Amino acid sequence: MGINCVSNSELSSSLSFGICQRESENNNTLQLQERVPMATQEKQVMIVAIDESEHSMYALEWTLDHFFSPLAPNPLFKLVIVHAKPLATSVVGLAGPGAADVFPYVDADLKMIAARVVEKAKEFCQTKSVSDVTIQVIEGDARNVLCDAVEKHHASVLVVGSHGYGAIKRAVLGSVSDYCAHHAHCTVMIVKKPKIKH
């Protein structure tokens, strides 16, 4: 009986376990057996971007279902959830003489939205039995915040939801997913919520 072990670097850089191929002497069949996870290697990081939209929450739920299933007790990735809280100045813009009086109210509102988003993400994780998760709220433009988070955490994958904007709206507003796909130094997975057919 011959045993041929393939290390995870030979098989795929995204897997955190090795595969052993064992040829049976009796029937010359090939069996694949999973080896014990390599304890010396650190898990790769997957970042999921969230905001208050149903599209981003769908992307989080989809990611939890496909990569962090409770049936797989040792997920391949460490999960980091990031919410980019906009600056009050970016929301209000250059409004004139009374703008400074409005900033504290806008900022308080943005903090409340961020707290709701974080709570919803926590609920999703608890519902899916995912407990090893880091949730961060980082102030700034979502495009820059997400690309910086990828660098900071040395992430392998960034997951963003797609708002489904048309070409004109995307050109005017700018697309976070498009920006990240071109500027983040990792794999970017854009999760689009299926349209309901009538």
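It is worth spelling out the overall build of the protein at this point. Counting secondary structure elements, the protein contains seven helices and eight strands. Every one of the 198 residues in the protein was classed for burial, and the buried ones make up 32%. For the protein, restricting intrachain contacts to residue pairs at least 6 apart in sequence, the fraction spanning at least 24 positions comes to 66%. Accessible surface, the protein as shown: approximately 12500 Å² in total, 54% of it carbon and sulfur.

The next subject is the packing of helix α5 (residues 142-153) against helix α7 (residues 176-183). Across the interface, α5 lies against α7 with an axial gap of 9 Å and an inter-helix angle of 35°. You can see that α5 and α7 cross each other, and the crossing is right-handed. Residues Ala142, Arg143, Asn144, Leu146 and Cys147 of α5 form the contact with α7, whose participating residues are Val176, Tyr179, Cys180 and His183. Looking at the contact of α5 with α7 residue by residue, the class counts come to six nonpolar, two polar and one charged.

Taken as a whole, this structure holds two aromatic pairs when the rule is applied. An aromatic cluster is present here, built from Trp62, Phe67 and Phe77 joined pairwise through their rings.

On inspection of all chains with the given rule, the structure shows eight salt bridges. A salt bridge links Glu61 to Lys128, with the nearest nitrogen and oxygen atoms 3.7 Å apart. Remark: Lys128 occurs in the loop between α4 (99-127) and β6 (133-139) and Glu61 occurs in helix α2 (residues 54-67); sequence separation between them is 67 residues. Shared partners join several salt bridges into a network, and the residues in it are Lys85, Asp107, Lys111 and Glu139.

Further remarks concern the nonpolar core. Among the nonpolar cores identified, the biggest contains 19 residues, and Ile50, Leu60, Leu64, Phe68, Leu79, Ile81 and Val159 are the most heavily contacted of them. Residue assignment for this core shows that the elements contributing at least two residues are β4 (44-50), α2, β5 (77-85), α4 and β7 (157-162). Counting residues in each nonpolar core, the second largest holds 17 residues, with Val45, Val80, Ala149 and Cys180 among its members.

What follows covers the environment of Ala84. In this fold, Ala84 is placed in strand β5. Judged by relative accessible area, Ala84 falls into the buried class, the value being 13%. Not counting residues within four places of it along the chain, the set of residues in contact with Ala84 comprises Ile50, Ile138, Gly140, Ala142 and Val145.

What follows is about α2. In this model α2 runs 20 Å from its N-terminal to its C-terminal C-alpha over 14 residues, within 8% of the 20 Å that 1.5 Å per residue would give. Those residues of α2 that sit buried are Ser56, Met57, Ala59, Leu60, Thr63 and Leu64. On an axial view of α2, the arc spanned by its buried residues comes to 155°, and they lie on one face.

With that settled, the discussion passes to the side chain of His83. Mapped onto the fold, His83 is located in strand β5. When its relative accessible area of 2% is taken as the criterion, His83 is described as buried. A distance of 3.0 Å separates a polar atom in the side chain of His83 from the backbone oxygen of Ile50. Look past the residues within four positions of His83 in its chain and what remains in contact with it is Ile50, Asp51, Glu52, Ala114, Val117, Gln136, Val137 and Ile138.

Attention shifts here to the sheet that holds strand β8 (residues 187-192). Ordered in space as β6-β5-β4-β7-β8, the five strands form an open sheet in which the pairing is parallel. Looking at the sheet topology across the chains shown, the edges are occupied by β6 and β8. Each strand of the sheet is rotated relative to its neighbour by a mean of 25°, with strand direction disregarded. The pairing of β5 with β6 spans seven bridges and is classified as parallel. What sits directly across from Leu79, in β6, is Val133. Contacting β4, β5, β7 and β8, α2 crosses the sheet at an angle of about 155° to β4.

Conventions used here
Residues numbered from 1 in each chain as written. Predicted model: local features only at pLDDT ≥ 70, side-chain atom pairs only at ≥ 80, totals over all residues. Heavy atoms only, no water. Helix = DSSP H or I, 4+ residues; strand = E, 2+ residues; numbered from the N terminus. Buried < 20%, exposed > 50% of the residue type's maximum accessible area, 1.4 Å probe, protein only. Contact = heavy atoms within 4.5 Å. Areas by Shrake-Rupley, 256 points an atom, 1.4 Å probe, with all protein chains shown as cover. Axes fitted to C-alpha atoms, helices over the stretch in contact; angles between N-to-C directions. Left-handed = near helix turned anticlockwise from the far one by under 90°. Nonpolar A, V, L, I, M, F, W, Y, C, P; charged D, E, K, R; others polar. Phe/Tyr/Trp six-rings, centres within 6.5 Å; stacked < 30°, edge-to-face > 60°. Salt bridge = Lys/Arg side-chain N within 4 Å of Asp/Glu carboxyl O. Core = buried A, V, L, I, M, F, W, Y, C linked by side-chain atoms within 4.5 Å. Expected span 1.5 Å × (residues − 1). Arc of directions from axis to C-beta. Polar contact = N/O pair within 3.5 Å; in protein donor to acceptor, adjacent residues only side chain to side chain. Pairing = 2+ DSSP bridges.

Note that all results are geometric; they support no functional claim without further evidence.
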